[in-house]
Amino acid sequence: MLDFLGDLRRTHMCGVLRASDAGKKAVLMGWVNRRRDHGHLLFIDLRDRTGVTQVVFNTDRDAAVHEKAESLRNEYVIAVTGTVKLRDANTINPNMPSGEVELVAEELRILNESKLPPFLPGDTALTHEETRLKHRYIDLRRDVMQFNIETRHKVAKAIRDYLSAQGFFEIETPFMTRSTPEGARDYLVPSRVQPGTFYALPQSPQMFKQILMISGFDKYFQIVRCFRDEDLRADRQPEFTQIDLEMSYPQPDSVWGVVEGFLRAAFAAAGYEINPPFPRMDYDEAIRLYGIDKPDLRLPPFTDVRECLAAENVQELAINPNLPVIAIRIPKVGDLSRKERDDIKPMFHSKGGARVFEDFKRIANRYAATAEAVAKKLDAGEGDLIVLVAGAAQASCGENGAAFASHRKVTPQELAIYTSAGLLRLALAQKYAERHQCFQKGDFRFLWVTNFPMFEWDEAEQQWMAAHHPFTSPHEQDMKLLAEGVEALHDPLSPLSAVRALAYDVVLNGTELGSGSIRIHRRDVQSRIFRALGMNEEEAKARFGFFLEALDYGTPPHGGIALGLDRMVMILAGAESLREVIPFPKTARAVDLMVDAPTPVSEKQLKELGIAVKKPAGL
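Keep in mind that what you see is a predicted model, and the values were worked out from it rather than measured. The residue numbering used here restarts from 1 in each chain and proceeds along that chain's sequence as written. It should be noted that, the model being predicted, local features are given only for residues of pLDDT at least 70 and side-chain atom pairs only at 80 or more, the latter also being counted only at that level, while totals for whole chains, interfaces and linings use all residues. Values shown for side chains rest on all heavy atoms present in the structure; no hydrogens or waters enter the calculation.

Visitor: For this particular structure, what's the right way to read the sheet that holds strand 4 (residues 77–86)?
Guide: Working definition: the strands of a sheet are paired by backbone hydrogen bonds and lie parallel or antiparallel to each other. In this scheme, strands are said to pair when DSSP sees at least two bridges between them. Counting from the N terminus, the helices are the DSSP runs of H or I reaching at least four residues and the strands are the DSSP runs of E reaching at least two. Taken together, five strands build a closed barrel; the order of strands is 1-2-3-5-4 and the barrel is mixed. Strand after strand, the sheet turns through a mean of 55° between neighbouring axes, direction not considered. Summarising the sheet, strand 4 and strand 5 (residues 101–112) pair through ten bridges and their orientation is antiparallel. Of the residues in strand 5, the one forming a bridge with threonine 81 is glutamate 107. Interaxial angles span 0 to 180 degrees and are taken between N-to-C directions of axes, which are lines fitted to C-alpha atoms, for helices over the stretch in contact.

Visitor: What is the right way to look at the pattern of salt bridges in this model?
Guide: In a structure, side chains of opposite charge can pair up when their charged atoms sit close to one another. Every case where a carboxyl oxygen of Asp or Glu lies within 4 Å of a side-chain nitrogen of Lys or Arg is listed as a salt bridge. Applying the stated criterion across every chain yields a total of 43 salt bridges. Measuring nitrogen to oxygen at the nearest pair gives 2.7 Å for the salt bridge that ties arginine 435 to glutamate 340. Of this pair, arginine 435 sits in helix 13 (residues 433–436) while glutamate 340 sits in helix 9 (residues 338–347); the two residues are 95 residues apart in sequence, bridging distant segments of the chain. Three or more residues joined by partner-sharing salt bridges are found here, namely Arg132, Arg136, Asp139, Arg142 and Glu580.

Visitor: Hey, could you run me through empty space enclosed by the protein in this one?
Guide: One simple way to see leftover space: roll a probe sized like a water molecule over the atoms. In the cavity and pocket records, a cavity denotes points on a 1 Å grid over the protein atoms alone where a 1.4 Å probe fits but cannot get out, a pocket denotes an open set with protein on both sides within 12 Å along at least 5 of 7 lines, and lining residues are residues with an atom within 4 Å of a point. Grid points are joined across faces, edges and corners, and a volume is the space filled by probe spheres set on the points. Counting across every chain of the model gives two cavities of 30 Å³ or more. Size it by volume and the largest cavity reaches roughly 50 Å³. Lining the largest cavity are Pro453, Met454, Phe455, Ala466, Ala467, His468, His469, Pro470, Thr472, Ala501, Ile529 and Leu533. A per-class count over the lining of the largest cavity returns nine nonpolar, three polar and no charged. What lines the second largest cavity is simply Leu133, Arg136, Phe584, Pro585, Asp592 and Met594. Residue polarity follows a fixed list, in which Ala, Val, Leu, Ile, Met, Phe, Trp, Tyr, Cys and Pro are nonpolar, Asp, Glu, Lys and Arg are charged, and the others, Gly among them, are polar. When the residues that make up the lining of the second largest cavity are grouped by side-chain class, the tally is four nonpolar, no polar and two charged.

Visitor: Would you explain the side chain of asparagine 313 in this entry?
Guide: Among the structural elements, asparagine 313 can be located in helix 8 (residues 311–316). Burial status follows relative accessibility: with a 1.4 Å probe on protein chains alone, a residue under 20% of its type maximum counts as buried, one over 50% as exposed, and anything between as partly exposed. With a relative accessible area of 4%, asparagine 313 lands in the buried category. The contact rule is simple, with two residues in contact once any of their heavy atoms fall within 4.5 Å. Ignoring sequence-local partners within four residues, the contact set of asparagine 313 consists of Tyr367 and Thr370.

Keep in mind these values describe shape, not function.
So, in structure tokens, the structure goes:
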């Protein structure tokens, strides 16, 4: 028979009792985490979000309470009144913060029973993820999930407190707005009162936060939910949370200083100390040194060792003498077996004619002087893994990447070598992570990547696309190139390839935490950008007319950034997936297994909305 709580009040959380509490009366409430029956003594580990306390039911002290406790099973919800007692020295549990004490039970109330769960919160071996997500209310009781969600709370609070102290207003922007697709698909919401029309859930509050700057609020922030209908992966969810901010009259480093400040506060809340300012790197330099625009600084950059190769080496190895020869070094991997060397080739994805030389020892055997020169240039030590990436002698790398050819001084052919080497570098580091030990917990390497290209050439569409978003300002020095480029919209070697954006990303350990820019605040420049993206005046007005009109009413220069809160907490928690730090996530198929969503709706609901469902072709 179950008990009511009545007027009983909890006095302590389970995880807070210490030796100094000995002799005190306490009322604990929580779940039965573990049960151990020793005959006249029954031990219950009682759990709440703060931890566990051992409760002792002694038949010699109170037979009725002991008898009642014998019915307890895992995940029963109970309230226990008793006296805190020091444990005997030989029974102290040093692995538990409350392990020096126990509660000697005097009264027990069984508040609710529990069916046998498909898994227990205290299980050391994790069950299948789908089972965990189906029974998320059980999964969230696990210590690690409680820790992750607590960390998320602490991080969000630290950010709010910091930005509020810096004069930012937290302002909410609409969840139902107009559809302005800019890359990812919108989630659409049909309107019942305006049949045939739709709202869209926001992919970001971008235009609203810019309008807040036009409205004179000067400093805005929001920890906001955003929605994108795109394919999922470990670090992507259809609904996610971002730290969004905007400032009036900033220079880029004004935004960077604010971000560094709240990141320092956020990481401190999670128990880590970081030391701004973060290093800064031009986009072109990131490509040349790491082959990627979000470098992981825990690993050594790669090095162009072309000058170390003699002419006969180049000819015999059938590589292009006019392209970089990139040496990748992963420290302290040790000797690889033949099979491990063979496994490297499938990890290599050639970008337009790049080749990989995975067996550096073979090169050393054939070209000893060359190998010695390469190792010296790399400052390679004993046990370092060295892999070379070069262009094939006769291969053409094509025109892909033309956007980097002009001002950015990286040809499409060179880009192919850099990006191929960059992908392989990361794959090798992940494969041999346990051996090289570059990825240490608490080793946080931040970086600002700046001066991105303004546009990217879309080969399939044969047009230019915004590399960030169409509200990013070009460099003032590149306005002439923008004007010239608008006259050559369908040329991949147009002057648009040379236009740089006042855009910046903050990167942590190879993960893009956030992306931002100085925005366009003049209508003439915004219209020119829309034109460069293939939008005529009518189309731009139809999609962004309200925003273009707002720009006509005294818009100050402004800029900002948005950082992924979920990604940040994932890194801080040492989790491998966003699903480990989001209370109620979706699966890789965008399904909520707990509530069984999405689901069909009734014909009555569809009729009210004037909607008929037709399956897309191929489904």
